Amino acid sequence: MILGMIGWPQVILIAVIVLLLFGGRKIPELMKGLGKGVKEFKDATNTPEDESTSTESKENK
């Protein structure tokens, strides 16, 4: 229900607040870290089943 009420004015307000809190220099570093985190998450979810089971069997030995 709340997500349906978020529009462009609210997005702009959130962006201004983030800019004020972190400053212009820190935001690119935050976005870079966020991008790396998303990439690692996607890589982890896309690993084939056989790799994860072989890793588990090696750990159990």
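Given the structure is predicted, the values throughout are model-derived calculations rather than measurements.

Scoring rules and cut-offs
Residues numbered from 1 in each chain as written. Predicted model: local features only at pLDDT ≥ 70, side-chain atom pairs only at ≥ 80, totals over all residues. Heavy atoms only, no water. Helix = DSSP H or I, 4+ residues; strand = E, 2+ residues; numbered from the N terminus. Areas by Shrake-Rupley, 256 points an atom, 1.4 Å probe, with all protein chains shown as cover. Salt bridge = Lys/Arg side-chain N within 4 Å of Asp/Glu carboxyl O. Buried < 20%, exposed > 50% of the residue type's maximum accessible area, 1.4 Å probe, protein only.

### A few points about the overall build of the protein chain
Within the protein chain, the secondary structure is distributed over two helices and zero strands. Total accessible area computed for the protein chain in this model is approximately 5900 Å², and 67% of it derives from carbon and sulfur atoms.

### Section: the pattern of salt bridges
Evaluated as defined, the whole model comprises two salt bridges. In this structure, aspartate 43 and lysine 39 form a salt bridge, with 3.4 Å as the shortest nitrogen-oxygen distance. You can see aspartate 43 and its partner lysine 39 sitting in helix H1 (residues 8–45), four residues apart, about one turn around the helix. Residue classification places lysine 39 among the exposed residues on the basis of a relative accessible area of 54%.

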